[in-house]
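Listed below are the residues making up each chain.
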Amino acid sequence: MSLDITIRPVTKEDYDQWLPLWDGYNTFYGRLGDTALAPEITQTTWERFFDPNEPIHALVAEHEGKLLGLTHYIFHRTTISVGPICYLQDLFTIESARGKGVARALINEVYQQAKLAGAFRVYWQTHETNHTAMQLYDKVAEKSGFLVYRIPIL
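The structure contained in this document is the topic of the report that follows.

Procedures and definitions
- One numbering rule holds for all chains: residues counted from 1, following each sequence as written.
- Side-chain atom pairs in this predicted model are given and counted only at pLDDT of 80 or more, local residue features only at pLDDT of at least 70, and totals for whole chains, interfaces and linings cover all residues.
- The side-chain values count all of the structure's non-hydrogen atoms but skip hydrogen atoms and water molecules.
- Pairs were defined over the aromatic rings of Phe, Tyr and Trp, the Trp ring being its six-membered one, requiring ring centres within 6.5 Å. Orientation was assigned from the angle between planes: stacked under 30 degrees, edge-to-face over 60, tilted for the rest.
- Only DSSP runs of H or I reaching four residues or more are called helices, and only runs of E reaching two or more are called strands; each is numbered from the N terminus.
- Relative accessibility under 20% of the residue-type maximum defines a buried residue, over 50% an exposed one, and the middle range a partly exposed one, all with a 1.4 Å probe and only protein chains included.
- For two strands to count as paired, DSSP must find a minimum of two bridges between them.
- Contact between two residues is taken to exist if any of their heavy atoms lie within 4.5 Å; hydrogens are not considered.
- To obtain each axis, a line is fitted to C-alpha atoms, and for helices this fit is confined to the stretch in contact; angles are then taken between N-to-C directions over 0 to 180 degrees.

## A short note on the packing of aromatic side chains
Here comes step 1: Applying the stated rule across the entire model yields 14 aromatic pairs.
Here comes step 2: Between Trp22 and Tyr25, the aromatic rings sit 6.0 Å apart at their centres with planes inclined by 15°, giving stacked as the arrangement. One end of the pair, Trp22, and the other, Tyr25, are both in helix 1 (residues 15-28), three residues apart, so they sit about a helical turn from each other.
Here comes step 3: By relative accessible area, Trp22 is classed as buried at 5%.
Here comes step 4: On the numbers, 5.3 Å between centres and 65° between planes, the contact of Tyr25 with Tyr29 is edge-to-face.
Here comes step 5: Residue class for Tyr29 comes out partly exposed when judged on its relative accessible area of 28%.

The structure is reproduced here in structure tokens:
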């Protein structure tokens, strides 16, 4: 069952509804308690959405005045194209909205914003245990075959 939702850029007035979504996203990935993000990271992230010099953007899914989901995406340069590429960094929906088209609508709007920005690709990663999300991702994108390697620097 799909919901009648509106996908739109986040506004400063959304903070009180965005924050629980952001916290839910971070909790899902184990960033809570001793491993929670520092408040200044959340504050800086929020402020970047409204800075025209920042390449990070936020969209929210709204239904009847309530925010049901969020996505954050970043445009960046790449060595394989003159135009930008789009990294869909965060995607989260409240549990009661899952399976109702909210995440798909958020992803589709990122695709539209990427087209408008001249990006040739949208990409993202998810944890290998996020099987529920991967059921959707397998329908709206293709696996690249690349693995992510990383090492903390600080």
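Following the structure, the description resumes.
## Topic: the sheet that holds strand 3 (residues 66-78)
Here comes step 1: Pairing is mixed in the open sheet, where five strands are placed in the order 1-2-3-4-5. Two strands lie at the open edges of the sheet, namely strand 1 (6-9) and strand 5 (122-123), each paired on one side alone.
Here comes step 2: Judged from the four bridges that link them, strand 1 and strand 2 (residues 56-63) form a sheet pairing that is antiparallel. Bridge pairing links Arg8 to Val60 in strand 2.
Here comes step 3: Where helix 1 meets the sheet, its contacts fall on strand 3 and strand 4 (81-93), and the angle it forms with strand 3 comes to roughly 70°.

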